[in-house]
Amino acid sequence: MASLSVCSSLTTTSTLSQNQKSAVPAFKTNLNFLSRSLSSLRLASPKQPLFVPNFSQTEAPSSLAESETEPITEFEPTVEIADEEPKREEVFAVVMVGSRQYIVFPGRFIYTQRLKGANVNDKITLNKVLLVGTKTSTYIGKPIVPNATVHAVVEEQKLDKKVIVFKYKKKKNYRRNIGHRQPITRIRITSITGYQDSPAVTLP
Amino acid sequence: MNKKEVFKLAKGFRGRAKNCIRIARERVEKALQYSYRDRRNKKRDMRGLWIQRINAGTRQHGVNYGNFMHGLMKENIQLNRKVLSEISMHEPYSFKALVDISRNAFPGNKAIAPPKKEGLAILI
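Residues numbered from 1 in each chain as written. Chains lettered and ligands numbered in written order. Predicted model: local features only at pLDDT ≥ 70, side-chain atom pairs only at ≥ 80, totals over all residues. Heavy atoms only, no water.

It is worth spelling out the interface of chain A and chain B at this point. Interface size is often expressed as the accessible area that is lost when the parts come together. Across the boundary between the two partners, chain A contributes 29 residues, which contact 26 residues of chain B. Summing the contributions of chain A and of chain B, the shared interface buries around 2600 Å²; its carbon and sulfur component is 66%. By the criterion of area lost to chain B, the three top residues of chain A are Q101, K142 and F166 of chain A, representing 23% of everything that side buries. The tally of links between chain A and chain B comes to 2 salt bridges. A salt bridge links K142 of chain A to E75 of chain B, with the nearest nitrogen and oxygen atoms 2.8 Å apart. The interface formed by chain A and chain B includes 7 residue pairs in polar contact (both at pLDDT 80 or more). Listed by contribution, the elements that provide at least two residues to the side of chain A that touches chain B are α1 (2-8), β1 (91-97), β2 (100-104), β5 (129-134), β6 (137-140), β8 (163-169) and β9 (174-180) of chain A. When residues in the side of chain A that touches chain B are grouped by element, the largest group, 6 residues, is from β8 of chain A. Tallied by class, residues from the side of chain A that touches chain B come to 21 nonpolar, 5 polar and 3 charged. (Contact = heavy atoms within 4.5 Å. Buried area = accessible area lost by both parts, 1.4 Å probe. Salt bridge = Lys/Arg side-chain N within 4 Å of Asp/Glu carboxyl O. Polar contact = N/O pair within 3.5 Å; in protein donor to acceptor, adjacent residues only side chain to side chain. Helix = DSSP H or I, 4+ residues; strand = E, 2+ residues; numbered from the N terminus. Nonpolar A, V, L, I, M, F, W, Y, C, P; charged D, E, K, R; others polar.)

In structure tokens, the structure reads:
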């Protein structure tokens, strides 16, 4: 279940960051929401790298919340992704959100337990960073990496898929059929910072 | 549950379980009981799977699962088994660093060397 959620958070910031250039100047009237969210993303991490998913190449279900306007500007980027791949900064972190641990990469999103009181487009910082890995070194927290923070943007507050809770007791004529939808929050990771001063293990 | 809902859930079942309401209702109720139970069992099953993966990863560095986790506990590293298994699969160098830390924390681990695999040729 959990590993599934990590995999499904492989997304297309590539298309997103490409859209920033093309979409923002072109549509100034109707796209207030879209351009605002995108520009805030960009401000938070100026060197936001283009992200190319490692494990699977599916690009489909990522941009559900980016409103219906996105398909308009989705055609150009696919070719350019391959060229700019080396710019990607290779860093990941293990972060604790709502008593669960997630492996996060800048640019991808994760589904977490509902963060109460957070609104869409809020910027949040996650302080419980248990491990940070870069290309050359690993920072292992005991139990947390001091000063390391993960910055994220709340993208969507929604309900998970419905689960049918069917309770049944034999010979007692007892049946209960209840639907349940767990509230969840989708956050997109923008950057991982502050880990540099802590002791590192250098990798071969 | 009404008939329509039952048939909707019975899509893809075999034989009469997808067409006849009496049998379909029976099978759908049983299926929902299983899914209720297995949502709970899933947590145990996944934990078992993660432990197997961690064990496979640590044994490549000559440490078994139990000693590895004991070393992490001593160092107060609170990564859970889900994350450790994913690190062992996708981030081998970071995982090696974790194994080294665990090994230093728990000297009993040092003595263990991976067993040599020798063919039958020696016997002859």
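Okay, back to it.
On to a positive patch on the surface. Taken together, the side chains of R100, K167, K169 and R176 of chain A together with R40, K42 and K43 of chain B present a region of like positive charge at the surface. Looking at the positive patch, the elements with two or more residues in it are β8 of chain A together with α2 (21-59) of chain B. The leading source of residues in the positive patch is α2 of chain B, at 3 residues. K42 of chain B sits in the partly exposed class, given a relative accessible area of 35%. (Patch = residues over 30% accessible without salt bridge, like charges linked within 9 Å, V, L, I, M, F, W, Y side chains within 5 Å. Areas by Shrake-Rupley, 256 points an atom, 1.4 Å probe, with all protein chains shown as cover. Lys, Arg positive; Asp, Glu negative; His and termini not counted. Charge placed at Lys NZ, Arg CZ, Asp CG, Glu CD. Buried < 20%, exposed > 50% of the residue type's maximum accessible area, 1.4 Å probe, protein only.)

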